[in-house]
Structure formats: C-alpha cells, structure tokens
Amino acid sequence: MQKSTAVLDQELSSSSKWLSLSDVATRFFFLALIVSLPPICLFIDLKVIGNGISENSVTELAQIILLLLSISCFVFLARKNIHERAFFLLAAAFFTSMLIRELDALFDLIAHGFWACIVAPVVISAIVNAVKNSSSTLLGLSRFVSSHAGMLMLVAVAILLFYSRLIGMKVLWQEIM
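For clarity, every value in this text was computed on a predicted model and none was experimentally measured.

(A) Representation of the layout of surface pockets. Its boundaries defined by the atoms lining it, the largest pocket holds a volume of some 2,600 Å³. As for the largest pocket, its lining consists of 48 residues, of which Leu66, Met98, Ala156, Val157 and Leu160 are closest to the centre. Contributions of two or more residues to the lining of the largest pocket are made by α2 (21-49), α3 (58-80), α4 (85-102), α7 (134-146) and α8 (148-167). In terms of residue count, the dominant contributor to the lining of the largest pocket is α8 (13 residues).

(B) Representation of the side chain of threonine 137 in the model. Within the fold, threonine 137 resides in helix α7. Of the polar contacts made by the side chain of threonine 137, one reaches the backbone oxygen of alanine 130; its length is 2.9 Å. If we ignore the near neighbours within four places in the chain, the residues touching threonine 137 are Ala86, Phe87, Leu90 and Ala130.

(C) Representation of the packing of aromatic side chains. Applying the stated criterion across every chain, the model contains 7 aromatic pairs. Ring geometry for phenylalanine 74 against phenylalanine 95: centres 5.7 Å apart, planes inclined by 15°, an arrangement best described as stacked. Taken together, the residues span a long stretch of sequence, with phenylalanine 74 in helix α3 and phenylalanine 95 in helix α4 at a distance of 21 residues. In textbook terms, an aromatic cluster arises when at least three aromatic residues are bridged by ring pairs, as seen for Phe74, Phe87, Phe88, Phe94, Phe95 and Phe144.

(D) How the structure looks around α2. Here α2 contains 29 residues, and its C-alpha end-to-end distance of 39 Å stays within 8% of the 42 Å for a straight helix at 1.5 Å per residue. In α2, a bend of some 40° at leucine 37 exceeds every other bend along the element, and proline 38, a proline, comes one to four places later. One or two steps after α2, the chain reaches glycine 50, where phi turns positive at roughly 75°.

(E) Looking closely at the nonpolar core. Counting 14 residues, the largest nonpolar core has Leu67, Phe74, Phe88, Phe95 and Leu99 as its most contacted members. The element best represented in this core is α4, accounting for 7 residues. Not counting residues up to four positions away in its chain, the partners in contact with leucine 99 are Ile64, Leu67, Leu68 and Ile71.

(F) Main features of the pattern of salt bridges. Tallying each qualifying case throughout the model produces 2 salt bridges. The salt bridge involving arginine 143 is made with glutamate 84; its shortest N-O contact spans 3.1 Å. Here the residue arginine 143 occupies a position in helix α7, and glutamate 84 occupies one in the loop between α3 and α4, the gap between them amounting to 59 residues. A salt bridge links arginine 101 to aspartate 104; the shortest N-O distance between them is 2.6 Å. Among the residues examined, aspartate 104 registers a relative accessible area of 16% and is labelled buried.

(G) Quick peek at a nonpolar patch on the surface. Residues Leu138, Leu141, Val145, Met151, Leu154, Val155, Ile159, Phe162 and Tyr163 make up a contiguous nonpolar surface patch of roughly 810 Å² in combined accessible area. Elements that contribute at least two residues to the nonpolar patch include exactly α7 and α8. No other element matches α8, which puts 6 residues into the nonpolar patch. Relative to the assigned elements, valine 145 resides in helix α7.

(H) Up close: α4. For α4, with 18 residues, the first-to-last C-alpha span of 25 Å sits near the 26 Å given by 1.5 Å per residue. Here α4 has its buried residues at Ala86, Phe87, Phe88, Ala91, Ala92, Ala93, Phe95, Ser97, Met98, Leu99 and Ile100.

What counts, and where the lines are drawn
- Residues numbered from 1 in each chain as written.
- Predicted model: local features only at pLDDT ≥ 70, side-chain atom pairs only at ≥ 80, totals over all residues.
- Heavy atoms only, no water.
- 1 Å grid on protein atoms, 1.4 Å probe; cavity = no way out; pocket = protein on both sides within 12 Å on 5 of 7 lines; lining within 4 Å.
- Points joined across faces, edges and corners; volume = space filled by probe spheres on them.
- Helix = DSSP H or I, 4+ residues; strand = E, 2+ residues; numbered from the N terminus.
- Polar contact = N/O pair within 3.5 Å; in protein donor to acceptor, adjacent residues only side chain to side chain.
- Contact = heavy atoms within 4.5 Å.
- Phe/Tyr/Trp six-rings, centres within 6.5 Å; stacked < 30°, edge-to-face > 60°.
- Expected span 1.5 Å × (residues − 1).
- Bend = angle between axes of the 7 residues up to and from the residue.
- Core = buried A, V, L, I, M, F, W, Y, C linked by side-chain atoms within 4.5 Å.
- Buried < 20%, exposed > 50% of the residue type's maximum accessible area, 1.4 Å probe, protein only.
- Salt bridge = Lys/Arg side-chain N within 4 Å of Asp/Glu carboxyl O.
- Patch = residues over 30% accessible without salt bridge, like charges linked within 9 Å, V, L, I, M, F, W, Y side chains within 5 Å.
- Areas by Shrake-Rupley, 256 points an atom, 1.4 Å probe, with all protein chains shown as cover.

Here it is, written out as structure tokens:
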C-alpha cells in the first residue's frame, strides 16, 4: 500500500539522516573544490609561474598542507577519543611518514636518504604503541573502516599509492614517449 505524500513529507522532515538541499550542494561544491585542487596547482606551476613541478612548487606546497591537515585531524581525534587513541596515533604516524618522505629534498641537504633516519623512529614507535594497545587500535580501526569517511579515505589513499607508483615508473613513460 502506498504512503500518502503528507506521511512521506513528515518522515523526511523528521529524519535526521536526511540532508537539506543546501547541505548537499555545499558538500558537492566543497568536494568539487578539493578534487579540482591538483589540476589548479599544476596549472599555476606550469602556466602561471612556469617553474614546472619542482620541490618548490605550488603542487608540493599543497601536498604538504594537505598532509599537515590530515596529521592534525588524527592527532585531534587521538586526544579526543581515549578508547581509540592507538589507532588515531597510528594513522597520524602514517601521514607523518608520508610528510617526511615528501620533504626528502630538504633532508637530502643533510645527507642523501636522511629522511629514512627520521621516519624510522616514527614508524617504530607507532607500531609498538599500536601493538601494545591492540584493543584500542582494533576498536579505532573497526570504527574507522565502518564509517563513510574512513572508507573514502582508504580508497583515496589506495588510489594515491597505486597511481603514484604507476606514474613514477620510468619504464612505463619510456614506452609511452
């Protein structure tokens, strides 16, 4: 039996899981802005500034800022959620490792490959903490992958890691060119 329009309207308005049209539009435009950042940065580097994609580019700066934001979010969550702290610290360490690797040109001024000496204690301490507090790690991980945001981030990181390795393969580009 079909529900009346009034009943459906009442269910929609009383349900907190439904977003308003303005909320949906705001989220869409925010996501569109985020997705458009890489090509905008590339355009600025290549066409406006004309410096290519060097270690001192808008693209590199955007990557550093986004990694710092990710680290900050996970550290904030670790401070706020004591029962899931180990997972959030592990995630913060992961993004910190990515940031350190991204700054390898800076660390190469000290010694070639010095970034590895800096990232090693970060990784080791995060893994030791995650194992030591395994219930907190597993609870946080379980809740994270159960959330829409967590799954979106996992997919995005998987794509990033896969394509960065694929795009970075000289053999592939030599064949294409």
